[in-house]
Amino acid sequence: MYFDYIVVGAGSAGAVVANRLSADPRTKVLLLEAGPASHPWSRIPVGYARLLTNPAANWLYSAEPESNTNGRRIPVPRGRMLGGSSAINGLAFVRGQAQDFDTWAQMGNPGWTYDSVLPFFRRMEAYQGGGDDRFRGREGPLRVTNSEPREPLYAALIEAAGEVGIAHNPDYNGARQEGIAMSQATIASGRRMSTARCYLDPIRRRANLRIVTGALTENLLLDGRRCTGVCYSVSGTRHEAQAAREVIVSAGSINSPQLLELSGIGQPERLQKLGIAVRHALPGVGENLRDHYAPRTRWTVGAKGITYNDTGRGLALVRQALRYAIAGDGLLGMVGAPIRAFVRSRDGLEAPDLLLGWVPMFTEPGPKGPRIARQSGVTCYAHPMRPESRGHVHAISADPRTPPAINFNFLSAPADGALTIRAVQIARAIMTAPAMAPLRVAEAAPGPALTTDDEILDWVRRVAETTYHPVGTCKMGADAMAVVDARLRVRGIAGLRVADASIMPTLTSGNTNAPTIMIGEKAADMVLKDAAAA
Ligand SMILES: Cc1cc2nc3c(=O)[nH]c(=O)nc-3n(C[C@H](O)[C@H](O)[C@H](O)COP(=O)(O)OP(=O)(O)OC[C@H]3O[C@@H](n4cnc5c(N)ncnc54)[C@H](O)[C@@H]3O)c2cc1C
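We now turn to the structure provided with this report. This structure is a prediction, so every number in the text was calculated from the model and none was measured. (Residues numbered from 1 in each chain as written. Predicted model: local features only at pLDDT ≥ 70, side-chain atom pairs only at ≥ 80, totals over all residues. Heavy atoms only, no water.)

**Here we look at the packing of aromatic side chains**
In this structure the tally under the stated criterion is nine aromatic pairs. Aromatic side chains Y114 and F121 sit 6.4 Å apart centroid to centroid with 45 degrees between the ring planes, which places their arrangement in the tilted category. The class for Y114 is buried, based on a relative accessible area of 8%. Where F408 meets F410, the ring centres are 4.4 Å apart and the plane angle is 15 degrees; that geometry is what we call stacked. F408 sits in the buried class, given a relative accessible area of 2%. Overall, the relative accessible area of 4% leaves F410 in the buried class. (Phe/Tyr/Trp six-rings, centres within 6.5 Å; stacked < 30°, edge-to-face > 60°. Buried < 20%, exposed > 50% of the residue type's maximum accessible area, 1.4 Å probe, protein only.)

Take a look at the structure:
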């Protein structure tokens with residue numbers, strides 16, 4: 001099979017790349033996705049609760065035990081279907097700060113300042129929530145809406161935040177991020193707006209685009225220092241596909257470095273130990289793993305009818321289902337954390353460095369994923385946005401079906417622990433502000449007995465999990481540990497790029513879906529421009 005371009009992985013970035021590259025009917029594109037075409041729970045926003053532990057749509061990775069996090073295996077869910085993680089994620093839409101991208105540019109990546117990437121952020125979205133046209137797009141494929149502040153809890157939180165000096169900011173994706181806000185979401189008309197829905201569904205009939213699901217890419221085909229195609233398997237049968245121009249790897253922060261390693265691109269000693277022939281030494285492959293490590297503070301709510309523990313269980317769930325059927329909102333149409341705050345850990349900082357997000361209920365583990373608990377409460381996660389701790393992801397077998405080993409090294413940078421403690425303290429300040437008093441809120445976790453920094457940090461080590469934002473394992477840059485250059489070309493190999501969250505040199509200040517879609521948009525633009533210039 002011959003194509004101009006082969007895209008591996010149909011996730012947040014890959015679906016975008018495949019869409020843009022196949023816009024010209026003369027260009028033949030193959031999109032390979034290991035997972036299925038869809039999953040019924042992916043269409044309904046609250047379905048993420050059902051997909052979090054569902055092997056039909058999720059790779060269900062987990063991290064290696066580490067002493068800093070009490071030897072726990074922290075879950076690492078990753079979407080495995082068309083749309084990738086955008087098809088199972090919590091639907092929050094957050095670009096990050098202008099400074100994030102300016103920092104990338106300063107790290108040796110020309111073309112990545114915020115001013116340079118803003119056109120791609122605008123191109124991708126159809127934002128329906130107002131805001132300033134200089135920053136927001138109206139006609140892109142991805143529909144983005146505001147969560148509605150209908151429930152009394154949200155009004156109380158906005159007021160309480162104001163009482164501790166955190167102002168309301170109606171558009172954190174606009175001129176500035178700081179403040180408390182209702183979350184913007186990849187939800188429209190009550191439906192999840194994954195990249196499968198927004199970038200692939202409208203173009204399924206393009207004769208020049210072939211989408212193969214259930215197709216696990218096992219390795220890249222290399223001819224010397226040039227990538228010529230891929231080897232993939234469907235239902236146990238192996239196939240080869242040739243790319244006349246380029247292969248774009250968009251398999252995500254866990255699988256992209258694994259695929260490079262399986263193809264002989266990575267740290268020579270590591271590959272040799274696995275019996276993989278070294279084709280190209282590239283020491284940064286799999287390094288620089290970063291993620292948000294976030295404790296969930298928990299608050300019981302004494303006032304009735306405030307949380308979904310009261311209004312989303314038993315008979316009330318039937319009412320929620322009706323509400324969803326009629327209006328597309330309520331519990332079933334809800335973004336993971338409908339209200340969030342971007343705050344500064346101390347005065348004098350140029351920009352916020354902490355993120356707090358509130359979930360209007362207590363959940364507990366159930367047989368099919370988290371379920372709504374009986375006890376009424378509010379969960380508030382709180383964490384530093386730009387952690388310094390870095391880990392790694394590496395293949396541990398030459399077999400592509402063996403999951404790679406994920407080591408986060410959370411809290412290995414002391415600053416991360418200190419900032420996490422500060423985030424918990426700010427959560428406490430907001431939840432105990434006068435505006436929350438009518439809700440009769442009481443701290444359940446970490447609990448009022450834990451007061452010193454050491455006690456809080458110890459609790460963080462015992463309970464925190466990620467907010468599912470691994471990035472950085474095929475870092476973009478110009479230094480010796482960079483895997484791709486600023487045009488996302490794998491250093492030293494022709495005809496091969498990586499375009500997904502793995503290329504981020506640092507974590508963005510917030511959730512990672514929006515910046516990853518931007519990376520897909522920018523990658524496609526660079527591929528097309530480079531082809532035109534050749
Ligand atoms: C549970 C969860 C909640 C999240 N919540 C939010 C949120 O609320 N807001 C937000 O902004 N971000 C959120 N994120 C993060 C965000 O969704 C991801 O950062 C983003 O989707 C990553 O995009 P990607 O293109 O790098 O990878 P992915 O979207 O994961 O895509 C990779 C694709 O490649 C496929 N693939 C992998 N290996 C192979 C192979 N060998 N052959 C073929 N195909 C392969 C995968 O199946 C997958 O479809 C969440 C993520 C998760 C998992």
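Okay, back to it.
**As for the nonpolar core**
Counting 79 residues, the largest nonpolar core has I6, W112, L220, V247, L488, L496 and M518 as its most contacted members. With eight residues, helix α13 (residues 513-533) is the single largest residue contributor to this core. Discounting residues that sit within four places of it in the chain, L496 has contacts with L220, C227, V247, V249, L260, I265, L488, R489 and V490. Membership of the second largest hydrophobic core comes to 31 residues, among which are I180, A303, V343 and A433. (Core = buried A, V, L, I, M, F, W, Y, C linked by side-chain atoms within 4.5 Å. Helix = DSSP H or I, 4+ residues; strand = E, 2+ residues; numbered from the N terminus. Contact = heavy atoms within 4.5 Å.)

**Concerning the site of the ligand**
Among the 38 residues in the neighbourhood of the ligand, the closest are listed as S12, E33, S85, T512 and N513. One nitrogen or oxygen atom from the main chain of A34 is found 3.1 Å from a nitrogen atom belonging to the ligand. L91 has a polar backbone atom sitting 3.1 Å from an oxygen atom of the ligand. Within the complex, 97% of the 990 Å² of free accessible area of the ligand lies under protein. Breaking the shell around the ligand down by element, the ones donating at least two residues are β12 (215-223), α7 (252-262) and α13. If one sorts the elements of the shell around the ligand by residue count, β12 sits on top with three residues. (Near = heavy atom within 4 Å. Polar contact = N/O pair within 3.5 Å; in protein donor to acceptor, adjacent residues only side chain to side chain. Areas by Shrake-Rupley, 256 points an atom, 1.4 Å probe, with all protein chains shown as cover.)

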